[in-house]
Amino acid sequence: MFNVKIVTPKGIKFSGDADFVEFTTVDGSMGVLEKRLPIITKLKVSALKIKSNDKTELFAVNGGILDMDGKELTVLTTDAERPEDIDVETAMKAVEEAKNQLKITNDKIEKTKIQSDIEKNMVRINIGKTK
């Protein structure tokens, strides 16, 4: 087992032991076990699964950085939400509003921001539906 911490600007969202952690980097999906060689990687907006014994903790992470030294895994992210903390209906409305905004804006930077919001809320919806 190894220690896992998820840290956001608002504080520590999770701290506990794990046998396996699964996540998505900008290069693709991967997972880590105890005693893994050190890694620092950039996370995508995605699900993060923490498995310990027969229990699985699930989080929607808003991208960030993951650092694993073999004994401890730390995720630094702007936000991490558990399924029970996500209001799926509100996230669905945000996706619809963003799609409407995407249709009317011509600014490339604004479109990129809107697409990022859609991606974030789609992950939140998928995680929120697991409660």
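Note that the structure is a prediction, hence the values are computed from the model and not measured.

Quick notes on the overall build of the protein chain
Helix and strand content of the protein chain: 2 helices and 8 strands. Start at the N end of the protein chain and walk to the C end: the helices and strands fall as β-β-β-β-β-β-β-β-α-α. Projected onto its principal axes, the C-alpha coordinates of the protein chain cover approximately 50 × 30 × 25 Å. Classification of the 131 residues of the protein chain by burial places 37% in the buried group. Nonlocal contacts in the protein chain, meaning residues at least 24 apart in sequence, comprise 53% of its contacts between residues at least 6 apart.

Quick word on a nonpolar patch on the surface
A surface patch of nonpolar side chains, amounting to about 290 Å² of accessible area, comprises Ile-40, Ile-65 and Leu-76. Tracing the backbone shows Ile-40 in strand S5 (residues 39–52). With relative accessibility at 64%, the residue Ile-40 sits in the exposed group.

Some points on the pattern of salt bridges
According to the stated counting rule, one finds 4 salt bridges in the structure shown. Residue Lys-55 is joined to Glu-57 by a salt bridge in which the shortest nitrogen-to-oxygen separation is 3.3 Å. One salt bridge connects Arg-124 with Glu-81, and the closest N-O pair in it is separated by 2.6 Å. On the criterion of sequence distance, the pair formed by Arg-124 in helix H2 (residues 108–128) and Glu-81 in strand S8 (residues 80–81) is long-range, its members being 43 residues apart.

Some details on H2
Over its 21 residues, H2 extends 30 Å from the first C-alpha to the last, a length consistent with the 30 Å expected when each residue adds 1.5 Å. For H2, every residue scored as buried is listed here: Ile-114, Ile-118, Asn-121, Val-123, Arg-124, Ile-125, Ile-127 and Gly-128. Looking at the buried side of H2, the elements it contacts are S5, strand S6 (55–68), S8 and helix H1 (88–104). For H2, the side-chain oxygen to backbone nitrogen distance between the N-cap and Ile-109 is 3.0 Å, and the N-cap itself is Asp-107.

Here we look at H1
Between its terminal C-alpha atoms H1 stretches 25 Å, which fits the 24 Å expected from 17 residues at 1.5 Å a residue. For H1, the complete set of buried residues consists of Val-88, Ala-91, Val-95 and Ala-98. For H1, the buried positions fall inside an angular range of 80° around the axis, keeping them on one side. In H1, the exposed residues that point more than 90 degrees away from the buried face are Glu-89, Glu-97, Lys-103 and Ile-104. Packed against the buried residues of H1 are H2. Taking the backbone nitrogen of Glu-89 as reference, a side-chain oxygen 3.2 Å away marks Asp-87 as the first, capping residue of H1.

Quick word on the environment of Phe-59
Turning to its location among the elements, Phe-59 is positioned in strand S6. Looking at Phe-59, the relative accessible area reads 1%, which means it is buried. Not counting residues within four places of it along the chain, the set of residues in contact with Phe-59 comprises Ile-6, Lys-13, Phe-14, Ser-46, Ala-47, Leu-48, Ile-50, Ala-80, Glu-81, Arg-82 and Ile-127.

Side note on the environment of Lys-131
Take Lys-131: it is sitting in the segment after H2. What makes Lys-131 exposed here is its relative accessible area of 58%. Separated by 49 residues in the primary sequence, Lys-131 and Arg-82 place their C-alpha atoms 8.8 Å from one another.

Each value, and the rule that gives it
- Residues numbered from 1 in each chain as written.
- Predicted model: local features only at pLDDT ≥ 70, side-chain atom pairs only at ≥ 80, totals over all residues.
- Heavy atoms only, no water.
- Helix = DSSP H or I, 4+ residues; strand = E, 2+ residues; numbered from the N terminus.
- Buried < 20%, exposed > 50% of the residue type's maximum accessible area, 1.4 Å probe, protein only.
- Contact = heavy atoms within 4.5 Å.
- Patch = residues over 30% accessible without salt bridge, like charges linked within 9 Å, V, L, I, M, F, W, Y side chains within 5 Å.
- Areas by Shrake-Rupley, 256 points an atom, 1.4 Å probe, with all protein chains shown as cover.
- Salt bridge = Lys/Arg side-chain N within 4 Å of Asp/Glu carboxyl O.
- Expected span 1.5 Å × (residues − 1).
- Polar contact = N/O pair within 3.5 Å; in protein donor to acceptor, adjacent residues only side chain to side chain.
- Arc of directions from axis to C-beta.

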